[in-house]
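# A look at the structure
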Amino acid sequence: MSKIGFVGLGIMGGPMAGHLVKAGHEVTVYDLNPESVDRLTTLGATGGGDIAETVRDKDIVITMLPQDEHVEAVFTEVLEHAASGTLYIDFSTITPRTAEWTHTEGAKKGLRVLDAPVSGGEPGAIEGVLSIMVGGSEADFDAAKPIFEAVGKSFTLVGPNGAGQVVKAANQLVVGGTYALVAEAILLMENLGANAVAGLDALAGGLAGSTILERKRKSMLERNFKPGFRIDLHHKDMGIILAAARQAELPIPFGGLVAQHIAAARAMGHGSLDHSALLLVAEALAGKRAD
Ligand code: NAD
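Here's what I pulled together on the structure shown here.

Basis of the calculations
Residues numbered from 1 in each chain as written. Predicted model: local features only at pLDDT ≥ 70, side-chain atom pairs only at ≥ 80, totals over all residues. Heavy atoms only, no water. Helix = DSSP H or I, 4+ residues; strand = E, 2+ residues; numbered from the N terminus. Rg over C-alpha atoms; globule rule 2.2 N^0.38 Å. Buried < 20%, exposed > 50% of the residue type's maximum accessible area, 1.4 Å probe, protein only. Contact = heavy atoms within 4.5 Å. Lys, Arg positive; Asp, Glu negative; His and termini not counted. Charge placed at Lys NZ, Arg CZ, Asp CG, Glu CD. Core = buried A, V, L, I, M, F, W, Y, C linked by side-chain atoms within 4.5 Å.

This next bit is on the overall build of the protein. The helix and strand tally for the protein stands at 13 helices and nine strands. Rg of the C-alpha trace for the protein: 20 Å, near the compact-globule value of 19 Å for 291 residues, within the 12% margin. Each of the three principal axes of the protein carries a C-alpha extent, and together these read 65 × 45 × 35 Å. Going through the 291 residues of the protein one by one, you find that 49% of them count as buried. Within the protein, counting contacts between residues at least 6 apart in sequence, those at least 24 apart form 65% of the total. Placing the 24 positive and 34 negative side-chain charges of the protein at their respective mean positions leaves the two points 4 Å apart.

A few words now on the nonpolar core. Core analysis: the largest hydrophobic core is formed by 32 residues, its most contacted members being Phe6, Met16, Ile89, Phe91 and Phe148. Elements represented by at least two residues in this core include exactly strand E1 (3-7), helix H1 (13-22), strand E2 (26-30), helix H2 (34-43), strand E4 (60-63), strand E5 (87-90), strand E8 (130-135) and helix H7 (138-151). Residue contributions to this core peak at six residues, all from H7. Ile212, Ala259, Leu278 and Val281 belong to the second largest nonpolar core, which has 30 residues in total.

The quantities given are spatial measurements derived from coordinates; they are silent on function.
This is the structure:
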């Protein structure tokens, strides 16, 4: 069992830290929101007071924060206060460039660093069945396995530091693009006299089938956009994808279009809806609105 410092107890980090407590680790937690800390201390974690106290003298330090700027701010304190040899795991979704920065700066202080963004959403975090994409060395990946086993159902080493974030960006690119195309397919069927319910059933059983069609076709047809994963977060992820493509000097024209559709959803006031609300953008572009 390890001594763990965990910073960032939001929708995802809260349940993840809870699983680590349940697995028997000694977990010290910190969040800007004291209520999130209280929830975890009720489960048996120790409240850290501040970041320095949370990360000092730990075997493992974990962050689960919204964006690059939060990881940069917290990791700067980790660099200052964590002991040499500490394993640092960042589960946040951020740019590959910032993930590489944590590795380079961490190495100077003797920290071992992994980027480990997750997929599976809030239900996956609550049930402890996240899918984890890991960038870093094999030795550090092996050392982190007890942590991954407590919060996830699958975890894969996908390359060196930063590669976990690259794979997560690729994941979000495919998810966003799939939603945009399923939205257009729905409008096409609905506006040309086909039975869209039966039509999407047929699509789901053929080459066009996907997890999105499996899980979301019913709610999309019903125009139920309760999140799930919010448009605001996917907008952030599209920024990461475009920055990564620029870093690689790669054009990703379809990705650019998907980013604009997601930006439009946000501009239309749908930022807190599920990302399947891209259907509302397709409808607005077509001058149509479902009743
Ligand atoms: P969230 O906003 O619910 O939680 C983030 C937490 O970090 C908040 O509790 C906030 O108070 C805390 N925080 C921010 N700055 C801090 C600081 N300086 N010190 C201490 N605490 C600080 O976000 P979330 O939904 O848990 O997402 C976290 C990350 O996981 C994001 O990068 C997101 O893209 C990614 N992600 C989210 C989902 C999802 O479905 N929500 C799914 C997969 C990946």
